[in-house]
Amino acid sequence: MTLGPSISVVIPTIGRASLAGAVHSALTQSIGVLEIVVVADTTEPLDLPEDARIRVVRTGPGSGGANARQLGITQATGDVIALLDDDDLWHPYKLERQLAEVSDVEGDAWVVTCKCAVREPGHREKIWPRTLIGEQQSVADYLFTLHRFTLGDAMLQSSTLCFPRSLAFEVPLNYAPDSIHDEPGWLIELQQRVPGLVIRHVPQCYSIYNVSENSVSRRSVDVSDKYIEWGREHLGDAPARVRGDYFLFSAVTAAASAQSLRGIRRSVASGFSEGRPGVPAMVYAAAKYGRTALRQVTSHAQ
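Residue numbers here run from 1 along each chain, matching the order of that chain's written sequence. In view of the model being predicted, local features appear only for residues whose pLDDT reaches at least 70, and side-chain atom pairs are presented and counted only at 80 or more, with totals across whole chains, interfaces and linings using the full set of residues. To get the side-chain values, take all heavy atoms of the structure and skip hydrogens and water.

A.B. asks: Outline the overall build of the protein, supporting the account with residue identities and numerical values.
C.D. replies: Starting at the N terminus, helices and strands are each numbered in turn, a helix being any DSSP run of H or I of at least four residues and a strand any DSSP run of E of at least two. Helix and strand counts for the protein stand at ten helices and nine strands. Since a compact globule built from 302 residues should have a radius of gyration of about 19 Å, the 20 Å found for the protein is in line with a globular shape. Taking all 302 residues of the protein together, the buried fraction comes to 51%. The contacts of the protein with a sequence gap of at least 6 include a subset with a gap of at least 24, amounting to 72%. Of the roughly 13700 Å² of accessible surface on the protein, 52% is carried by carbon and sulfur atoms. Averaging the positions of the 29 positive and the 34 negative side-chain charges in the protein gives two centres separated by 8 Å. As a reference, a globule follows 2.2 Å times the number of residues to the power 0.38, and the radius of gyration itself is taken over C-alpha atoms. Accessible area is worked out with a 1.4 Å probe on protein chains only. A residue is then buried under 20% of its type maximum, exposed over 50%, and partly exposed in between. It only takes one pair of heavy atoms within 4.5 Å for two residues to be counted as in contact. Here the open area of atoms and residues is found with the Shrake-Rupley method and a 1.4 Å probe, where only the protein chains shown may cover a residue. Asp and Glu are treated as the negative residues and Lys and Arg as the positive ones, with His and the ends of the chain left uncounted. A single reference atom marks each charge: NZ on Lys, CZ on Arg, CG on Asp, CD on Glu.

A.B. asks: Report on empty space enclosed by the protein, specifying residues and quantitative values.
C.D. replies: Of the grid points, spaced at 1 Å and generated over the protein atoms alone, those admitting a 1.4 Å probe that cannot get out make up cavities, while open sets with protein on both sides within 12 Å along at least five of seven lines make up pockets; any residue with an atom within 4 Å of a point is treated as lining. Grid points are joined across faces, edges and corners, and a volume is the space filled by probe spheres set on the points. Following the criterion strictly, the structure yields one cavity of 30 Å³ or more and no others. Approximately 30 Å³ is the volume attributed to the largest cavity. Along its surface, the largest cavity is lined by Leu173, Tyr175, Ala176, Ser179, His181, Asp182, Gly185 and Trp186. Under the convention adopted here, Pro, Cys and the residues Ala, Val, Leu, Ile, Met, Phe, Trp and Tyr are nonpolar, Asp, Glu, Lys and Arg are charged, and Gly plus all remaining residues are polar. For the lining of the largest cavity, the residue count by class is four nonpolar, three polar and one charged.

A.B. asks: Any details on helix H1 (residues 19-27)? Residues and values, ideally.
C.D. replies: Given 3.6 residues to a turn, an α-helix orients residues that are three or four positions apart in the same direction. Those residues of H1 not exposed but buried are Leu19, Ala22, Val23, Ser25, Ala26 and Leu27. On its buried face, H1 sits against strand E1 (7-13), strand E2 (35-40), strand E3 (54-58) and strand E5 (89-90).

A.B. asks: An account of the pattern of salt bridges is requested, with residue identities and associated values reported.
C.D. replies: Salt bridges are defined by distance alone: a side-chain nitrogen of Lys or Arg within 4 Å of a carboxyl oxygen of Asp or Glu. What the rule picks out here adds up to 16 salt bridges. Arg16 is the salt-bridge partner of Asp86, the closest N and O atoms lying 2.7 Å from each other. Pair noted here: Asp86 is in the loop between strand E4 (80-83) and E5 and Arg16 is in the loop between E1 and H1, with a separation of 70 residues, a long-range link. Judged by its relative accessible area of 1%, Asp86 falls in the buried class. Residue Asp153 is joined to Arg148 by a salt bridge in which the shortest nitrogen-to-oxygen separation is 2.7 Å. Take Asp153: its relative accessible area is 13%, and that puts it in the buried class.

A.B. asks: Go over the environment of Asp182, please, and point to the residues and values.
C.D. replies: Checked against the element boundaries, Asp182 lands in helix H6 (residues 182-193). For the pair Asp182 and Pro12, spaced 170 residues apart in sequence, the C-alpha separation works out to 13 Å. The contact partners of Asp182, leaving out residues within four places of it in the chain, are Ala66 and Arg69.

A.B. asks: Provide a residue-level description of the pairing of E4, including the pertinent values.
C.D. replies: Where burial is concerned, the two faces of E4 agree: the one with Val80 and Ala82 and the one with Ile81 and Leu83 are both buried. Note on pairing: DSSP must find at least two bridges between two strands before they are called paired. Pairing analysis gives four bridges linking E1 to E4, with the strands arranged parallel. Residue pairing across strands places Val10 opposite Leu83, the latter belonging to E4. Sheet analysis places E4 next to strand E8 (residues 162-164), joined by three bridges and oriented antiparallel. By the bridge assignment for E8, Ile81 is matched with Phe163.

A.B. asks: Break down the nonpolar core for me, citing the residues and quoting the values.
C.D. replies: By nonpolar core is meant a set of buried Ala, Val, Leu, Ile, Met, Phe, Trp, Tyr and Cys residues that side-chain atoms within 4.5 Å join together. Phe144 and Phe163 are the most contacted members of the largest nonpolar core, which has 52 residues in total. No other element matches helix H8 (residues 240-257), which puts ten residues into this core. Setting aside its immediate chain neighbours within four residues, Phe163 contacts Ile73, Val80, Ile81, Leu83, Trp110, Val111, Ala168, Leu173 and Trp186. With 29 residues, the next largest nonpolar core counts Leu27, Val33, Trp90 and Tyr206 among its residues.

Take a look at the structure:
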């Protein structure tokens, strides 16, 4: 990596009121950024601070996050890209600390991330992930293998990611249109196509991840079939444990959020027929099925 790279911050937005705060947290970094490319996936006017480094690019509306991020990257001019969602925030030393973490890496085959504070209405703030990804560890193994019965062990959240711009041309962030796993899918594909890719994980918390009302945990429509299809397409070469755990965790979570017992059963069946899930994933899926069944019985009784 060269010393003192120029940094472009790419922020996709649908025009939320939180955008101004996100942009401000990028403008006030301890090391200066070259530019902030705001990609507006909306035709509505945007509330932005006054700063010559801010550029607005229009797309959509309805273009989607991955398309918006890739458009922002193609319009950017910096050597390094730092992604930031329009409802998230950065600590002032986020970029400085991340670039220091990869200062000894030769070339452009690196991605750096960090821990983040997860804030969700009605819940206590959490610092995730508890476990950091290994420098050469499989992204699929890190993200989808369950080692405990609780959430928060593994996370590579979009607003924590920083990487050379050239990587997004090697593998565009929107290489798989309509994917349900934008950043995880991109990182898995990147790891497959870029030999020796280094992934560094700063162990401190330098980002705030705000879980919105539109998160997967609140979906009313069962999209577990899409999760199953994604697992079959992208995890075919992964170890059986990774595949099994993915179906019993990610696909089951999507089904349970929509209170779909059918979706949970299909996800579990896929996990056992196409993988070999571990005990934590089996316990998780059983608990989700029991809670979903109880909710359905309770709602029918009312």
